[in-house]
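# Working through the structure, step by step
Next come the chains, spelled out residue by residue.
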Amino acid sequence: MARTKIALIGAGMIGGTLAHLAAKKEMGDIVLFDIAEGMPQGKALDLSQCGPIEGFDAKITGTNDYADIAGADVVIVTAGVPRKPGMSRDDLLGINLKVMKAVGEGIKNNCPDAFVICITNPLDAMVWALREFSGLPHNKVVGMAGVLDSARFATFLAWEFGVSVRDVNAFVLGGHGDTMVPVLSYSTINGIPVKDMAKIKGVSESRLDEIVDRTRKGGGEIVGLLGNGSAYYAPATSAIAMAEAYLGDQKRILPCASYVEGKYGLDGLYVGVPTMIGAGGTEDVIEIELSDEERGNLKVSTDAVEELLEACKGLDESLA
Ligand code: APR
């Protein structure tokens, strides 16, 4: 049987981390694609030389030619420009939209049966545009944001309560931006609602609000600290969890930027929702009950995503 092939479009900080994780987990053979000449080849060589030490046999190659991603089973897209300090995700729109066009065409022409995970920001707009440009079915193109945002939320909750991160189930909905909706009512410490745990531990509501706010701005906090680039370890590991769910037909329920038509009152939009991932790609979107306040917050977030889509349509008439 042929080995699984994983194509990573963009061999920068996230791309390199993805390649290392995928190789360590023996997920398959890995192709690192980038427009920068020599860089993906150099990273592939460096990563290949981890093999004898770490004990993996994955074949890792670097390329500047889309033909080399032919037949890929999974494609993870990080190509584009990351945020610089003071730059919002939305500032990236114009630059990264052009990148999505090139990447979408590369996927359409070489691996139209792949499961495609987009990480490039502004995420909810870029995954929508990538789907449009590639022409793949909606269930085969998904955005990585919610797994990361939920992990950030879980980390902060675990620190606050002094408990293991393994026992925190934190829930985030909506767009991947400052309007994202961390949902406390569905977040638990091993089944104990966070609000109940807060009462037990004497954590005030205003402190929980601070944690929600820090989660919303979690990416920006890291951008500010790094000074040159954006987060890459946690984004990479989040996308790998999604790829594993697809390749292993795991039927995991993960928060992903999925195409939503009908549910949540939405009409054909990519936005963060609980999604079942299995061999069929995004197999189902789970519509949960929300309070009026949560529904209102989700509306603010989806309105922000819709505005970005309008801006994309203005920038590229093939999207209108
Ligand atoms: N095709 C392929 N690769 C491209 C293209 C393109 N048209 N344009 C840029 N790239 C490559 C760059 O050469 C670079 O190597 O994309 C890579 C991006 O890597 P980094 O700059 O290191 O960015 P990274 O931290 O990996 O983040 C990538 O994820 O979180 C988001 O906002 C972030 O959009 C950014 C993306």
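Within each chain, residue numbers correspond to sequence positions counted from 1 in written order. Residue-level local features of this predicted model are given only where pLDDT is at least 70; pairs of side-chain atoms are given and counted only at 80 or more, and the full residue set underlies all totals for whole chains, interfaces and linings. The basis for the side-chain values is all heavy atoms of the structure; hydrogens and waters are excluded.

## Focus on the pairing of strand 12 (residues 252-261)
Remember that side chains alternate between the two faces of the sheet whenever the strand is regular. Judged by how many residues are buried, strand 12 sits mostly within the fold: seven of 10 residues are covered. Both strand 12 and strand 13 (residues 267-278) contribute to a ladder of 10 bridges, which runs antiparallel. Opposite Ser258, over in strand 13, you have Val271 as the bridge partner. Pairing between strands is defined by DSSP: at least two bridges between the two strands are required. Labels follow the DSSP assignment, with helices taken as runs of H or I lasting at least four residues and strands as runs of E lasting at least two, numbered in each case from the N terminus. Where strand 12 folds back onto strand 13 in an antiparallel hairpin, the turn is made up of five residues, including Gly262, whose phi is positive at roughly 100 degrees. Residue burial is assigned from relative accessible area. The probe radius is 1.4 Å, only protein chains are included, and a residue is buried under 20% of its type maximum, exposed over 50%, and partly exposed in between.

## Section: the site of the ligand
Near the ligand lie 18 residues; those nearest to it are Met13, Ile14, Asp34, Thr78 and Asn121. For the ligand, whose unbound accessible area comes to 730 Å², protein coverage reaches 86%. Residues are counted as near a molecule or strand when any one of their heavy atoms sits within 4 Å of it. Areas reported as accessible are Shrake-Rupley estimates using a 1.4 Å probe. Residue values count occlusion only from the protein chains shown.

## Here we look at the nonpolar core
Buried Ala, Val, Leu, Ile, Met, Phe, Trp, Tyr and Cys residues form a nonpolar core when they are joined through side-chain atoms within 4.5 Å. Counting residues in each nonpolar core, the largest one holds 52 residues, and the members touching the most others are Ile9, Val75, Val77, Ile107, Val116, Leu173 and Tyr264. Counting residues per element, this core draws most heavily on helix 5 (residues 123-134), at eight residues. An automatic or database domain assignment supplies the start and end points of every domain. Domain assignment of the residues forming this core places at least three in each of domain 1 (5-144) and domain 2 (146-313). Note on definitions: a residue-residue contact is assigned when non-hydrogen atoms from the two residues lie within 4.5 Å. Not counting residues within four places of it along the chain, the set of residues in contact with Val75 comprises Ala7, Ile9, Ile107, Cys111, Ala114, Phe115, Val116 and Ile117. In terms of nonpolar packing, the next biggest core, distinct from the first, is built from 36 residues, Ile30, Phe56, Val142 and Ile240 among them.

## Considering the sheet that holds strand 7 (residues 168-169)
Reading across the sheet, the three strands line up as 7-10-11 and stay open at both edges, with antiparallel pairing between neighbours. The open sheet is flanked by strand 7 and strand 11 (192-193), the only strands paired with a single partner. With two bridges joining them, strand 10 (residues 188-189) and strand 11 adopt antiparallel strand pairing. Residue pairing in the sheet places Ile189 in a bridge with Ile192 of strand 11.

## Notes on the UniProt feature "binding site: NAD(+)" (unreviewed entry) in the protein chain
UniProt positions are given in the numbering used here, feature names are shortened, and annotations may be inferred rather than shown by experiment. According to UniProt, the positions carrying the feature "binding site: NAD(+)" (unreviewed entry) are Gly10, Ala11, Gly12, Met13, Ile14, Gly15, Asp34, Asn96, Ile119, Thr120 and Asn121. Residue placement: Gly12 occurs in the loop between strand 1 (5-9) and helix 1 (13-24). The class for Gly12 is partly exposed, based on a relative accessible area of 26%. Not counting the four nearest positions on each side in its chain, Gly12 is found in contact with Asp34, Met39 and Lys43. Note that Ile119 resides in the loop between strand 5 (115-118) and helix 5. Given the relative accessible area of 8%, Ile119 is considered buried. Not counting chain neighbours up to four residues away, the residues in contact with Ile119 comprise Ile14, Leu18, Ile76, Val77, Thr78, Met144, Pro235 and Ala239.

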